[in-house]
Amino acid sequence: MTVNINISDKVIDWALILIAIWLFLVLVKIALDLYERRLKKRINQEPTLDITEKSINELAKEYEVSPRTFEAWIDKKGFPIGERSILKPFEVKQVYDYFGIPKANNKTIFK
């Protein structure tokens, strides 16, 4: 006893399309998983900055310049610190963003 099944070409086409979509989604998931693993690995390897309140003298020491030179840099950039000698964490981050992260040989800036 044999059973003849007539499957139309459209059904086969749709099945192939669905298989292709499924395969694409599987590959995308694999790529995202690999990216996530690499990103986590990179985050675990990079030192984190210690962004707390810092004085002008501390920041000048990190950049290996005199406090007077550092104050001139800040004045030229236009940071509104006035007569204060202590910068708040968000201001320290702005300094790091503008002037770059100080040399890593000064271990005090890293946790």
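None of the values given here were measured: they were computed from a predicted structure. (Residues numbered from 1 in each chain as written. Predicted model: local features only at pLDDT ≥ 70, side-chain atom pairs only at ≥ 80, totals over all residues. Heavy atoms only, no water.)

Turning our attention to the pattern of salt bridges. Taken as a whole and judged by the stated rule, the model has 4 salt bridges. A salt bridge links Lys54 to Glu62, with the shortest nitrogen-to-oxygen separation between them at 2.7 Å. Each member of the pair Lys54 and Glu62 is classed as buried. (Salt bridge = Lys/Arg side-chain N within 4 Å of Asp/Glu carboxyl O. Buried < 20%, exposed > 50% of the residue type's maximum accessible area, 1.4 Å probe, protein only.)

This brings us to the nonpolar core. Core analysis: the biggest nonpolar cluster contains 12 residues, these being Ile56, Leu59, Ala60, Tyr63, Phe70, Ile74, Phe79, Ile81, Leu87, Val92, Val95 and Tyr96. Within the residue set of this core, elements represented by two or more residues are helix 2 (56–62), helix 3 (67–77) and helix 4 (89–99). Not counting chain neighbours up to four residues away, the residues in contact with Ile74 comprise Ile56, Phe79, Ile81 and Phe99. (Core = buried A, V, L, I, M, F, W, Y, C linked by side-chain atoms within 4.5 Å. Helix = DSSP H or I, 4+ residues; strand = E, 2+ residues; numbered from the N terminus. Contact = heavy atoms within 4.5 Å.)

Mapped onto the secondary structure, Glu91 falls in helix 4. Among the polar contacts made by the side chain of Glu91, one reaches the main-chain amide nitrogen of Lys88 at a distance of 2.8 Å. In this structure Glu91 touches Pro80, Ile81, Arg84 and Ile86, once residues within four positions along its chain are discounted. (Polar contact = N/O pair within 3.5 Å; in protein donor to acceptor, adjacent residues only side chain to side chain.)

In a regular helix each residue adds 1.5 Å, so 37 residues correspond to 54 Å; helix 1 (residues 9–45) covers 54 Å between its end C-alpha atoms and thus fits that length. Little of helix 1 is tucked away, with 0 of its 37 residues classed as buried. (Expected span 1.5 Å × (residues − 1).)

All right, on to a nonpolar patch on the surface then. On the surface, Trp14, Ile17, Leu18, Ile21, Phe24, Leu25, Val28 and Leu32 cluster together to form a nonpolar patch covering roughly 830 Å² of accessible area. Looking at the element boundaries, Leu25 is found in helix 1. (Patch = residues over 30% accessible without salt bridge, like charges linked within 9 Å, V, L, I, M, F, W, Y side chains within 5 Å. Areas by Shrake-Rupley, 256 points an atom, 1.4 Å probe, with all protein chains shown as cover.)

Using the criterion set out here, one finds 8 aromatic pairs in the structure. Ring geometry for Tyr63 versus Trp73: centroids 6.3 Å apart, planes at 80 degrees, classification edge-to-face. In this pair, Tyr63 sits in the loop between helix 2 and helix 3 while Trp73 sits in helix 3, placing the two residues 10 residues apart along the sequence. When its relative accessible area of 14% is taken as the criterion, Tyr63 is described as buried. (Phe/Tyr/Trp six-rings, centres within 6.5 Å; stacked < 30°, edge-to-face > 60°.)

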